[in-house]
Amino acid sequence: MNLEKIEILERTLKRERAARKAAEKILEDKSRELYLLSEELQETNLKLENLLDEKSSELKGVFENILDAYVVMDLSGNVLKFNDAATALFGYDVTKEKLNVLNLIYEEDEVYAMTSFGELKTKGFFKNYEARVITKSKEIKWVHINASIIFDRNNLPIAAQGIVRDITHLKLLEEQKKQILNKLEKSNEELYEYAHVVSHDLKSPLRTIDALLSWIKADNLEKFDSETVQNIELIEKTVENMDSLISDILSYSSADFAAEEVDVNLNKVLQNIKTTLFIPTNITLSISPNLPIVKGDSTKFQQLFQNLISNAIKFNDKEEGLIEIDFIEEPTFYQFSVKDNGLGIEKEFHEKIFKVFQSLTKREDSTGIGLSIVKKIVDLYKGNIWLESTPNVGTTFYFTIKK
Amino acid sequence: MNILKRSLNILLIEDHMIEIVKFKKTVSYHDLKHNITEAKDADEAFKILEDKNNLPDLILLDLNMPRISGIEFLSILKKDEDLRHIPTVILTTSDNQKDLEECYRIGVSGYVLKPLKYKDYETKIEAILTYWSLNELKKY
Amino acid sequence: MKGIVFTEFLDLVEEKFGIEMVDKIISESNLESEGAYTSIGTYRFSEMLQLLQSLHKNSGISIDKLLLTYGEHFFSVIDKSYSGLLATYKDPIEMLSSIENHIHVEVKKIYPDAELPEFVVEEKTEDSLILIYKSSRAMHHFGLGLMNKTFEHFNSSATIVLEKIKEDGTEVKFVIKKNPHESREN
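Only a predicted model underlies this, so the values are computations on that prediction, with no experimental measurement involved.

Chemist: Sorry if this is basic, but what is going on with the overall build of chain A here?
Modeler: Broken down by element type, chain A carries 8 helices and 12 strands. Taking all 403 residues of chain A together, 36% fall into the buried category. Taking all contacts inside chain A whose residues are at least 6 apart in sequence as the whole, residues at least 24 apart take part in 58%. As displayed, chain A has an accessible area near 26,000 Å², and 55% of this comes from carbon and sulfur atoms.

The following block contains the structure:
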């Protein structure tokens, strides 16, 4: 081997060595990297395992601690698991005896139960199932159930779970509430009828008195002196006041008796008032042309507007009286106004006037019930009533009616 | 007036004595002599209505009656093939809207609220009498 | 550039020209690595350029020819180490057209820092393919060598015409036509 060849080989060897060392270093670096990575992975794994443990113990806690009954069953309805609440509710100890949920169904609810069970299988869940069950001790209980299918890793249904709430007590209360409401409605109706009968019985004698008085007058036209005639007229006036008092008390007591709600066109209601109410010639009643249609009892709305308008007429002292009916529409309610240019009301009476029998002026033609009726009707339709007034200038009553 | 007026056979069903007097007095002032039959309650009224040859032209009915109420009476009357055609007008002090609607539903020819003033009462009764004496009734 | 490209290159030089040639081209070049290559290392591309230049000078063979031969040789390296990857293909046209979307993706998984050329499929039929090669390295003949061997691997052959789109060879069009009725038995 010549010298040159030897030198070449030596250089080659040197390069090979250097390459080997470089490779070893690279490998060493890589394996350190790998080691650190696996350390890191192990740590992450441990954390994940802890988390899983935590989750399953949390779940176990939920399972044991929820107040509602928790049931796991296979797809044919065989109960696999009851929590304590379920055991207490149904009375079966499923660790000791076999139970299929079909045995729990109350006969009358069977069709509903089977429909819901079908829904569970096709849709994967059902919600707000409410029906009766029969417990081991043959007790009937109302339950509310939300259920869902449990799937395995391959998304195949393997079981079903349900949360069952005992709503027997709630159902009982609901039933009681219904009965009480029914009773209340009935007694309200009776009261309404009774008020009408009483008013009839009170009004009849007044009619008799008036008839008798008019006959007495007719028969003794020449015999009576002027004082007697005056006294008789006073009796007649008193009878009239008595009659309107009875009418007002009747409408006050039945003001919150709501008839069936229908659409009420207030334009028609106001037109009716305009034609039936006596409006003196010096008073102009101006009504906004496009009053809304509201829901309620038209008689009530008639009473409401009529009372406010007749008040405005009664307490108007101006040569040219003006009464204006207007409204504005708000998103959830209508606000009406009845404006007059009459006597006005002092601030201190603004609250008082809505109380029953509170008349500001002792007047023969005023029973002091009108505004109380108005207030009651506004309350009935969940509205508010208030007023703005300047004595001797006029008053505006505002009230709202919920849409 | 040249229109032919008819005097009426009226059945008044009313239990209150003064009310009967009021009605009779008012009728007596009318320019025609009407024949009034009184019944104090529903039973009495039905007894009178048994005579099918002598049925009234008009029934005036008070709603407030003892035992069988005016509305019950009306229901029975309007179910009876022989009697249902007789115009029946309610005379009452009760302005119970429910009663009014119920009466019109069953089938009344009028619903008259008795006013307080005797003068107003006369006006209303005269209007009824005039209407039924002027207009057509079922012929027998 | 990945070390395996250097080690395989030098092995081939030794096989074809002898160990003296290897020593010569390393000694003549100014190499940061001093020629001590390991297949798992990474080295500058300029070292490969110098080695090629030197070999060209000493052998009188053109650089393109050298790269072609090296490419043909390198296919056997791939075949040895990644036969599984090759086995997923039944047809050379299929395989070549998936360089960009499959093969290079896999290479990147193994060598994340590998700098790979781009192979854009411009046209493809059952037995023809037009690929656009793009790389600052201008090693298109290395690619050509690999392509030839690819056809051989599937017992077929092709006529591959190479058109430079850019004069410096950084963008080249490969027009590949599979030869008909050929089913050579090797």
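Chemist: Help me out: how do you make sense of the layout of surface pockets in this one?
Modeler: Remark: the empty space left among the atoms is shown by a probe the size of a water molecule rolled over them. Residue and element names in this part refer to chain C. A volume near 1,000 Å³ is recorded for the second largest pocket. Those elements that provide at least two residues to the lining of the second largest pocket are helix H1 (3-17), helix H4 (63-81), helix H5 (83-87), helix H6 (92-97), helix H7 (99-110) and helix H8 (140-153). Ranked by residue count, the leading element in the lining of the second largest pocket is H7, at 6 residues. Of the residues that constitute the lining of the second largest pocket, the class distribution is 26 nonpolar, 7 polar and 5 charged. Domain assignment of the residues forming the lining of the second largest pocket places at least three in each of domain 1 (3-61) and domain 2 (65-178).

Chemist: Looking at this model, I keep getting lost on the UniProt feature "domain: PAS" (unreviewed entry) in chain A. Mind explaining?
Modeler: Taking the numbering used here, the UniProt-annotated feature "domain: PAS" (unreviewed entry) corresponds to residues 55-92 of chain A. Helix makes up 47% of residues 55-92 of chain A and strand 24%. Its end C-alpha atoms lie 29 Å apart.

Chemist: How should I be thinking about the UniProt feature "modified residue: 4-aspartylphosphate" (unreviewed entry) in chain B in this particular structure?
Modeler: Residue and element names in this part refer to chain B. Here the UniProt feature "modified residue: 4-aspartylphosphate" (unreviewed entry) sits at Asp62. Inspection of the secondary structure assignment puts aspartate 62 in strand S3 (residues 58-62). Owing to a relative accessible area of 3%, aspartate 62 belongs among the buried residues under this scheme.

Chemist: Would you take a moment to explain the side chain of glutamate 19 of chain B for this structure?
Modeler: For glutamate 19 of chain B, the location among the structural elements is in helix H1 (residues 17-29). A relative accessible area of 5% places glutamate 19 of chain B in the buried class.

Chemist: Where do I start with helix H6 (residues 266-276) of chain A in this structure?
Modeler: An α-helical turn contains 3.6 residues, so a residue and the one three or four places further along point in the same direction. Residue and element names in this part refer to chain A. Looking only at H6, the buried set comprises Leu266, Val269, Leu270 and Ile273. Buried residues in H6, looked at end-on, bunch into an arc of 95°, giving them a common side. Away from the buried face of H6 by more than 90 degrees, exposed residues Lys268 and Thr275 are located. Its buried side turned inward, H6 meets strand S6 (262-265), strand S7 (283-287), strand S8 (293-296), helix H7 (298-314), strand S9 (321-329) and strand S10 (333-340). Between the side-chain oxygen at the start of H6 and the backbone nitrogen of asparagine 267 there is a gap of 3.0 Å, and the oxygen is on asparagine 265.

Chemist: I keep staring at the packing of aromatic side chains and nothing clicks. Help me out?
Modeler: The relative placement of two aromatic rings is captured by the distance of their centres and the angle of their planes. By the definition in use, this model includes 26 aromatic pairs over all chains. Judged by centre distance (4.7 Å) and plane angle (40°), the ring pair of phenylalanine 46 of chain B and phenylalanine 73 of chain B falls under tilted. With phenylalanine 46 of chain B in helix H2 (residues 42-49) and phenylalanine 73 of chain B in helix H3 (residues 70-79), this pair connects stretches of sequence that are 27 residues apart. With a centroid separation of 4.8 Å and an interplanar angle of 85°, the aromatic rings of tyrosine 37 of chain C and tyrosine 43 of chain C are classed as edge-to-face.

Chemist: Can you help me understand the interface of chain A and chain C in this one?
Modeler: Much of the literature gives interface size as the accessible area that the parts lose upon coming together. Taken together, the contacts link 12 residues of chain A with 13 residues of chain C. Salt-bridge contacts for lysine 5 of chain A lead to glutamate 20 of chain C; the nearest nitrogen and oxygen are separated by 2.8 Å. The interface formed by chain A and chain C contains 3 residue pairs in polar contact (both at pLDDT 80 or more).

Chemist: In this structure, what is going on with empty space enclosed by the protein? I would like to understand it.
Modeler: All names here are of chain A. Summed over all chains, the structure comprises 2 cavities of 30 Å³ or more. Taken as a whole, the largest cavity spans an internal volume of roughly 350 Å³. Lining of the largest cavity is provided by 24 residues; of these, Met73, Val101, Phe126, Tyr129 and Ile145 occupy positions nearest its centre. Taken together, the elements giving at least two residues each to the lining of the largest cavity come down to strand S1 (69-73), helix H3 (110-123), strand S3 (125-134), strand S4 (140-151) and strand S5 (157-166). Partitioning the lining of the largest cavity into residue classes produces 20 nonpolar, 3 polar and 1 charged.

Chemist: Can you help me understand the pairing of strand S1 (residues 9-13) of chain B in this one?
Modeler: A regular strand places its side chains so that they alternate between the two faces of the sheet. Residues and elements named next belong to chain B. The buried fraction of S1 is high, at 4 of 5 residues. Regarding topology, H1 serves as the crossover connection from S1 to the parallel strand S2 (residues 35-39), and that connection is right-handed. The sheet contact formed by S1 and S3 spans 4 bridges and is parallel. Of the residues in S3, the one forming a bridge with leucine 12 is leucine 60.

Chemist: Teacher, can you tell me more about the side chain of threonine 38 of chain C here?
Modeler: You can see threonine 38 of chain C is positioned in the loop between helix H2 (19-28) and helix H3 (45-59). By relative accessible area, threonine 38 of chain C is classed as buried at 8%. The contacts of threonine 38 of chain C, once residues within four sequence positions are left out, are Ala19, Ala22, Ala23 and Ile26 of chain A together with Gly3, Ile4, Thr7 and Tyr43 of chain C.

Chemist: What am I meant to see in the packing of H3 of chain C against H4 of chain C here?
Modeler: Between two packed helices, what matters for the description is the angle formed by their axes and the separation of those axes. All names here are of chain C. Where H3 contacts H4, the two axes come as close as 9 Å, and the packing angle between them is 110°. Taken as axis vectors, H3 and H4 run roughly perpendicular relative to one another. Handedness of the crossing formed by H3 with H4: right-handed. Of the residues in H4, those in contact with Leu52, Gln53, Leu55, His56 and Ser59 of H3 are Ile63, Leu66 and Leu67. Residues belonging to the contact of H3 with H4 are distributed by class as follows: 5 nonpolar, 3 polar and no charged.

Chemist: Would you mind showing me how to read the interface of chain B and chain A here?
Modeler: Each partner contributes to the interface: chain B provides 19 residues, whereas chain A provides 22 residues. A combined buried area of about 1,800 Å² lies between chain B and chain A, and 57% of that area is made up of carbon and sulfur atoms. Per-residue buried area on chain B facing chain A is highest for Thr93, Leu116 and Lys117 of chain B; these three make up 34% of the total on that side. Linking chain B to chain A there are 3 salt bridges. Here glutamate 193 of chain A makes a salt bridge to lysine 98 of chain B, at a shortest N to O gap of 2.8 Å. Inspection of the region where chain B meets chain A yields 11 residue pairs in polar contact (both at pLDDT 80 or more). Those elements that provide at least two residues to the side of chain B that touches chain A are H1 and helix H4 (97-106) of chain B. Considering every element that reaches the side of chain B that touches chain A, the biggest residue donor is H1 of chain B, with 5 residues. For the side of chain B that touches chain A, the residue count by class is 5 nonpolar, 7 polar and 7 charged.

About the cut-offs
Residues numbered from 1 in each chain as written. Chains lettered and ligands numbered in written order. Predicted model: local features only at pLDDT ≥ 70, side-chain atom pairs only at ≥ 80, totals over all residues. Heavy atoms only, no water. Helix = DSSP H or I, 4+ residues; strand = E, 2+ residues; numbered from the N terminus. Buried < 20%, exposed > 50% of the residue type's maximum accessible area, 1.4 Å probe, protein only. Contact = heavy atoms within 4.5 Å. Areas by Shrake-Rupley, 256 points an atom, 1.4 Å probe, with all protein chains shown as cover. 1 Å grid on protein atoms, 1.4 Å probe; cavity = no way out; pocket = protein on both sides within 12 Å on 5 of 7 lines; lining within 4 Å. Points joined across faces, edges and corners; volume = space filled by probe spheres on them. Nonpolar A, V, L, I, M, F, W, Y, C, P; charged D, E, K, R; others polar. Domains from an automatic or database assignment. UniProt positions renumbered as here; feature names shortened; annotations may be inferred. Arc of directions from axis to C-beta. Polar contact = N/O pair within 3.5 Å; in protein donor to acceptor, adjacent residues only side chain to side chain. Phe/Tyr/Trp six-rings, centres within 6.5 Å; stacked < 30°, edge-to-face > 60°. Salt bridge = Lys/Arg side-chain N within 4 Å of Asp/Glu carboxyl O. Right-handed = clockwise from strand over helix to strand, strands pointing away. Pairing = 2+ DSSP bridges. Axes fitted to C-alpha atoms, helices over the stretch in contact; angles between N-to-C directions. Parallel < 35°, antiparallel > 145°, perpendicular 65-115°, else oblique. Left-handed = near helix turned anticlockwise from the far one by under 90°. Buried area = accessible area lost by both parts, 1.4 Å probe.

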